[in-house]
Amino acid sequence: MKGTSDRPDGQDTGNGQPDEGSFAPDASFRTRAVHAGRAGGPVRPVSVPIVQTTAYAYADAGIAEAVAMTGQPMYARDGMPNVLALEGAVAELEGAADAHAVASGMAAISLTLLALLSAGDHVVLNAGGYQDTVSLLHEHLTRFGIDVTIAASNDPDAVAAAMTPATRLVLAETISNPGMVLTDVPGIATVVHRAGARLVVDNTFATPALCRPLGHGADLVIHSAGKFLGGHHDATGGVVAGPAPLIDAIRRAGFLFGPILSPLDAWLILRGIRTLAPRITWMSASAARIAGALADHPAVRAVRYPGLPDPDRPSLAGAMLPRGAGALLAFDLAGGTEAAVAFTRHLRTIPYVASVGGTETTVSFPPQPPTQGPGEIVRDHRCATLRMSVGLEDPADLIADIAQALDRLDPLAPSTRHGPTAANGRPHETS
Ligand SMILES: Cc1ncc(COP(=O)(O)O)c(C=O)c1O
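Residues numbered from 1 in each chain as written. Predicted model: local features only at pLDDT ≥ 70, side-chain atom pairs only at ≥ 80, totals over all residues.

Engineer: It is not clear to me how the overall build of the protein chain should be interpreted in this structure. Could you clarify?
Structural biologist: Tallying secondary structure elements over the protein chain gives 14 helices and 13 strands in all. Taken over 431 residues, the protein chain has a buried fraction of 48%. Taking contacts inside the protein chain between residues at least 6 apart in sequence as the whole, the part at least 24 apart equals 72%. (Helix = DSSP H or I, 4+ residues; strand = E, 2+ residues; numbered from the N terminus. Buried ≥ 20, exposed ≤ 12 C-beta atoms within 10 Å, placed from the backbone. Contact = placed C-beta atoms within 7 Å.)

Pasting the structure below:
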């Protein structure tokens, strides 16, 4: 394929040669995901090699200086070839000018906030969202004089009401974890921009295969990249994508704070991206079927899935998620916490896993706010609600397993078994 760089800003993708091949900008997402971020040049390795080095060696200082002038990486924190290739791929797929990849989703969120906010600023955060993001803001950013207010992100009026003259940034998840609430990105973008603030969207649960928030008016998009982008339960990483000036500022903060992504994790995540389109299509279709099966079972009190009709916002899912509603769902069991614990024990093939987004279907209690015990922070996640991350298995097999586990629940005889515990006897933390 001939054309311009895969990287929208035309930069080298990291193999030392400018990329000379890419598909037309109107190629389908599925096609672009297979090729985004790949190396250019007349001869290229089909798979970007893992460049496991901390620095480059130069024959003399003059060569080093000349190479530095071209912007090529010299040292690990500059972003090594596998990291640059991943950044190019995510930028292309999210429709961004540039991206910065780091060690985890939390690193991407923290860097973005640290790079763009100052003492005295105020942040609005989506309700029902990822607990560690809430804790990061409450436990740490408040120490630096940054205030936070939580608001319903499916309601632009609620976000507008939560904003103050000091609001610089609104952070919302496309689909909240674990609330499964769909954010009204276009509606909130209008409100946020009218106030001169920025909208940052955590797109971990939707992925660019289902929703590209920048196209709906967001200023930056963030991923916990080991989830659906990597997709195989074997890598940890984070990415933030957006316009070049914002990414330059975040990259500079990343260089100084230092949460770098390893070459192997970058390679694994990029390899996962190659199959993102078919994976998320299958998973979304299966999740929709499972949501229906759960909703029909008498042992289930409520199901939350962005693809189920929302009487309050009937057209939002169609506008935001026209290609599928994702692989995550949450449900409440009529028998309460003990029934939820028993359900995880009755499942034959679906394990309890404190993460989401991989090939295997998994179930867990959703992340909960930590509570202060005697001298330590206690995390007890057990509750009536379970979160399921649907994988690549045949949905008929999954539904059969779920149905037999639900059928065995007897709300009149709740299990006395305690929740899944770690080797140290504490409940597992979940993400
Ligand atoms: C929506 C969302 N954002 C951010 C994160 C944090 O990502 P990481 O665990 O890679 O730091 C998670 C983790 O589960 C998540 O679900």
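Engineer: Where do I start with the sheet that holds strand E3 (residues 147-151) in this structure?
Structural biologist: Where strands meet in a sheet, backbone hydrogen bonds hold them as pairs that are either parallel or antiparallel. The sheet built from seven strands is open, its strands ordered E1-E7-E6-E5-E4-E2-E3 with mixed pairing. Of all strands in the sheet, those with a lone pairing partner are strand E1 (98-102) and E3, marking the two edges. Each adjacent strand pair in this sheet contributes to an overall mean axis angle of 20 degrees, direction not counted. Across five bridges, the pairing between E1 and strand E7 (residues 238-242) is antiparallel. (Pairing = 2+ DSSP bridges. Axes fitted to C-alpha atoms, helices over the stretch in contact; angles between N-to-C directions.)

Engineer: Where do I start with the nonpolar core in this structure?
Structural biologist: Most often, soluble globular proteins have nonpolar side chains that are buried together. Judged by nonpolar contacts, the single largest core of 119 residues is most densely connected at Val-170, Leu-329 and Phe-343. There are two domains that each give this core at least three residues, and those are domain 1 (29-274) and domain 2 (277-430). Beyond its immediate chain neighbours, meaning those up to four positions away, Leu-329 contacts Met-180, Ala-287, Ile-290, Ala-291, Val-303, Arg-304, Tyr-305 and Met-388. (Core = buried A, V, L, I, M, F, W, Y, C linked by C-beta atoms within 7 Å. Domains from an automatic or database assignment.)

Engineer: I keep staring at helix H7 (residues 185-194) and nothing clicks. Help me out?
Structural biologist: Two residues of an α-helix separated by three or four positions point the same way, owing to the 3.6 residues in each turn. Taken as a whole, H7 has its buried residues at Val-185, Gly-187, Ile-188, Ala-189, Val-191 and Val-192. Each element contacted by the buried residues of H7 is listed here: helix H6 (156-162), strand E4 (167-173), strand E5 (198-202) and helix H12 (316-320). Note on H7: the residue one or two positions beyond its end, Gly-196, has a positive phi of about 75 degrees.

Engineer: How should I be thinking about the sheet that holds strand E13 (residues 385-389) in this particular structure?
Structural biologist: Judged by pairing direction, the sheet is antiparallel, and its four strands sit side by side in the order E8-E9-E13-E10 without closing on themselves. The open sheet is flanked by strand E8 (300-304) and strand E10 (362-364), the only strands paired with a single partner. Within the sheet, the average angular offset between the axes of one strand and its neighbour, ignoring direction, is 25 degrees. Relative to strand E9 (residues 328-333), E8 runs antiparallel, the two being bridged by four bridges. What sits directly across from Val-300, in E9, is Leu-333.

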